[in-house]
Amino acid sequence: MVLYTTGDTSTYPEKPPERGIRLHFLGGAGEVGNVGCILEDRTGTRLLIDYGLAPTKPPRYPSEAPFVTDAIMTHGHIDHIGMAPWLTGHGTNIHGTDLTAGVSEIMWADTYKVSDIEGYPLAWDKRDLEKALDSWTTHQFDTWFKVGSWKCRLHRAGHIPGAAMVEIATPEMRILWSGDIDTRDSPNALGAKPINCDLLCLEGTYGGRNHPDRKMEEQRFVSRVLEVVSRGGTALIPAFASGRGQDILRILHREAPNLDVHYDGMGTRITREWLKCPEFLNDPGGMEATFRWSRRVTGKADRKKALGADVIVTTSGMLDGGPALWYLNRLRHNGSNAILLTGFQAEGSGGRNLLEFGRLPIFGKQTRIPLEIDKFELSNHADHRSLCSFAKECSPKSLVIFHADDSAAEAIEESLASEMKVFRPSNYETMELSR
Ligand SMILES: [Zn+2]
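Note on numbering: residues in each chain are counted from 1, in written sequence order. A pLDDT threshold of at least 70 governs which residues receive local features in this predicted model, and a stricter bar of 80 or more applies before side-chain atom pairs are shown or counted, although totals over entire chains, interfaces and linings include all residues.

Draft legend 1. Broad picture of the overall build of the protein. Looking only at helices and strands, one finds 13 helices and 22 strands in the protein. A compact globule built from 435 residues would reach a C-alpha radius of gyration of about 22 Å, and the protein, at 21 Å, matches this within 12%. In terms of overall dimensions, the protein has a C-alpha envelope of 70 × 45 × 40 Å along the principal axes. Using C-beta atoms placed from the backbone, we call a residue buried if 20 or more other C-beta atoms fall within 10 Å of its own, exposed if 12 or fewer do, and partly exposed for counts in between. Across the 435 residues in the protein, those meeting the buried criterion constitute 53%. A helix here means a DSSP run of H or I that spans at least four residues, while a strand means a run of E at least two residues long, and both kinds are numbered starting from the N terminus. As defined in this context, the radius of gyration uses C-alpha atoms, and a globule is described by 2.2 Å times the residue total to the power 0.38.

Below, the structure written as structure tokens:
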């Protein structure tokens with residue numbers, strides 16, 4: 001089902017701005033995910049950064065993009081690349097790292113499948129997906145490439161392997177677009193480093209909130225796993241396919257190599273793509289050894305065997321589908337088993353229902369889950385403290401906060417307003433910033 005047609009944007013101005021840089025959020029301003037932002041200057045150079053959808057129920061889509069020759073995809077999460085096949089179907093070239101391009105096929109195919117199963121409309125079809133795969137121009141970090149009269153280069157963003165920040169040199173000013181960032185090193189990705197700029201566009205997912213110490217949280221997580229295993233139970237660990245699942249495996253391999261850990265779902269295919277791009281991984285040899293150590297589930301027989309494992313790491317991270325529900329439906333009958341949640345559980349998701357009401361839908365039927373449930377904070381986003389010190393070290397004159405709900409953006413504004421001009425944009429509105 002096609003939601004919109006090309007060139008028919010109702011709110012994007014037809015003419016370039018007279019001066020400065022225009023920013024126009026198609027999505028991702030005042031909300032987490034669903035990101036897409038057009039940047040344009042008086043030369044008519046126009047660039048779109050990210051074009052995702054928020055995988056909520058029903059999904060949220062950004063508004064229609066005006067025609068752009070070039071778009072940069074910061075990383076392979078669906079809330080940043082989910083709508084890219086629509087763009088390429090209309091002739092846009094997409095830029096990103098090799099790793100992001102490598103995982104995009106798996107992510108798009110999954111989005112297509114889920115929208116089909118759940119009956120949600122999607123603005124692109126299989127033919128667009130094929131075209132998208134041929135529309136990538138990939139770049140190494142720290143290498144300039146031209147878009148119109150601008151020069152762009154990608155820098156490491158932390159967050160997940162292959163994730164990029166975008167530095168843009170325009171005649172008017174130097175811009176840094178953070179994408180999703182983490183300044184800390186994680187098991188699989190090294191952290192982002194600040195870059196001097198005039199305008200910083202910063203994600204603010206964790207504005208106003210600080211993470212517990214990462215190492216201590218990892219220890220708490222491993223202790224809980226060992227506790228479950230020592231009482232004869234299986235720890236079911238629902239984890240996102242792109243990032244969290246692999247981090248969990250690395251932690252378990254490092255801290256408890258004697259455990260019998262089975263790895264199921266889309267993450268196994270994503271990991272194979274990661275291993276083809278070792279230059280983007282923190283200790284690629286370690287990830288390869290960990291992947292070999294885990295018992296990859298490839299079919300029904302493997303899945304039955306996994307029911308007797310110490311640990312099962314699988315998708316979906318929010319218990320909205322995937323093998324996690326198949327396992328949960330069987331593991332729920334033995335009280336020594338446990339569910340260890342390792343990521344954000346969106347409102348309305350299976351995981352959130354489980355936390356709030358002790359039940360969730362399994363194959364359409366509300367099912368009570370009488371198992372121990374614990375939650376761990378192993379986020380791959382910078383927290384409030386880190387976002388603010390990162391922003392200060394980039395020493396911009398202006399800061400635009402996106403990928404944040406209102407209270408998170410407000411908290412960042414409060415911390416930084418004395419040092420730089422802070423803007424909190426709205427979707428579908430045009431802002432023009434000058435030096
Ligand atoms: Zn992300």
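Further notes follow.
Draft legend 2. Representation of the sheet that holds strand β11 (residues 199-203) within the structure. Pairing between strands is defined by DSSP: at least two bridges between them are needed. The strand order across the open sheet formed by seven strands is β7-β8-β9-β10-β11-β20-β21, and the pairing between neighbours is mixed. A single partner strand is all that each edge strand has here, and the edge strands are β7 (145-147) and β21 (421-423). When strand polarity is set aside, the average angle formed by the axes of neighbouring strands in this sheet is 25°. Each of β20 (398-402) and β21 touches helix α13 (residues 406-416); the most contacted strand, β20, lies at about 160° to it. Between N-to-C directions, angles cover 0 to 180 degrees, with each direction set by a line fitted to C-alpha atoms, over the stretch in contact for helices. The contact criterion used here is simple: two residues whose C-beta atoms, placed from the backbone, lie within 7 Å are in contact.

Draft legend 3. The pairing of strand β8 (residues 150-156), seen in detail. Relative to β8, β7 is paired through three bridges, and the arrangement is antiparallel. For F145, the partnering residue across the bridge sits in β8 and is C152. Hairpin connection from β7 to β8: two residues lie between these consecutive antiparallel strands, with G148 at a positive phi of about 55°. Pairing between β8 and strand β9 (residues 164-169): six bridges, direction antiparallel. Looking across to β9, one finds that K151 is bridged to A169.

Draft legend 4. The arrangement of the packing of helix α7 (residues 266-276) against helix α8 (residues 284-293) in detail. Remark: α7 packs on α8, axes separated minimally by 10 Å, with the N-to-C direction vectors making an angle of 150°. Considering the angle they form, α7 stands roughly antiparallel to α8. Both α7 and α8 take part in a crossing whose hand is left-handed. Across from T271, W274 and L275 in α7, the residues of α8 making contact are M287, E288 and F291. Under the scheme applied, nonpolar residues are Ala, Val, Leu, Ile, Met, Phe, Trp, Tyr, Cys and Pro; charged residues are Asp, Glu, Lys and Arg; polar residues are all the others, including Gly. Its residues assigned to classes, the contact of α7 with α8 shows four nonpolar, one polar and one charged. In these notes the angle categories are as follows: under 35 degrees is roughly parallel, over 145 is roughly antiparallel, 65 to 115 is roughly perpendicular, and the rest is oblique. Crossing handedness is read from the near helix: turned anticlockwise from the far helix by less than a right angle, it gives a left-handed crossing, and turned clockwise, a right-handed one.

Draft legend 5. Layout of the domain arrangement of the protein. Boundary definitions for the domains trace back to an automatic or database domain assignment. According to the domain assignment, the protein consists of domain 1 (21-209 + 380-433) and domain 2 (214-375). Each of domain 1 and domain 2 was reduced to a C-alpha centroid, and the two centroids are 28 Å apart. Every contact between the two is made by 22 residues of domain 1 and, on the other side, 20 residues of domain 2. For the side of domain 1 that touches domain 2, the class distribution of residues is eight nonpolar, nine polar and five charged.

Draft legend 6. Broad picture of unusual backbone geometry. Of note, the amide linkage connecting T315 to S316 takes the cis form, showing an omega dihedral of 5°. Position of S316 relative to the elements: it lies in the loop between β15 (311-314) and α10 (323-331). Even without being a glycine, L319 presents a positive backbone phi close to 55°. Along the chain, L319 falls in the loop between β15 and α10. In the Ramachandran plot, S395 falls in the positive-phi region, its phi being about 40° despite a non-glycine side chain. With respect to the helices and strands, S395 occurs in the loop between α12 (384-394) and β20.

Draft legend 7. Here's a closer look at α8. What α8 keeps buried is the set M287, T290 and F291. Buried residues of α8, seen end-on, are gathered within an arc of 100° and therefore sit on one face of the element. In α8, those exposed residues whose orientation departs by more than 90 degrees from the buried face are G285 and R292. Residues of α8 that are buried in the fold lie against α6 (244-255) and α7. Our arc is simply the arc of the directions from the helix axis toward the C-beta atoms.

Draft legend 8. Just the environment of D142, in detail. In this fold, D142 is placed in the loop between β6 (136-138) and β7. Each C-alpha atom, one on D142 and one on T271, is 24 Å from the other, the two residues being 129 residues apart in sequence. The residues touching D142, leaving out its near neighbours within four places in the chain, are R153 and H155.

Draft legend 9. Just α12, in detail. Along α12, the residues classified as buried are S386, L387, F390, A391 and C394. All buried residues of α12 project into a common sector of 130° when viewed along the axis, lining one side. Those residues of α12 that are buried are in contact with β10 (174-177), β11, β20 and α13.

Draft legend 10. Quick look at the sheet that holds strand β3 (residues 46-49). Pairing in this open sheet of seven strands is mixed, and the strands run β6-β5-β4-β3-β2-β1-β22 from one edge to the other. This sheet does not close on itself; its edge strands, each paired only once, are β6 and β22 (430-433). Strand-to-strand, the axes of this sheet are offset by a mean angle of 25°, without reference to chain direction. Taken together, the four bridges between strand β2 (residues 36-40) and β3 define a ladder with antiparallel strand orientation.

Draft legend 11. Structural context of the pairing of strand β5 (residues 93-96). As paired strands, strand β4 (residues 70-72) and β5 are joined by three bridges and run parallel to one another. When the bridges of β5 are listed, I72 appears paired with H95. Strand direction decides the pairing type here: β5 and β6, joined by three bridges, are parallel. When the bridges of β6 are listed, H95 appears paired with T137.

Draft legend 12. Region of interest: the packing of helix α3 (residues 98-118) against α7. Between α3 and α7, the least distance of the axes is 8 Å, while the angle of their chain directions is 160°. Our classification of the angle between α3 and α7 gives roughly antiparallel. As α3 runs across α7, the sense of the crossing is right-handed. Two secondary-structure elements touch here, α3 through L99, G102, V103, I106 and D110 and α7 through M266, R269, I270, E273, W274 and K276.

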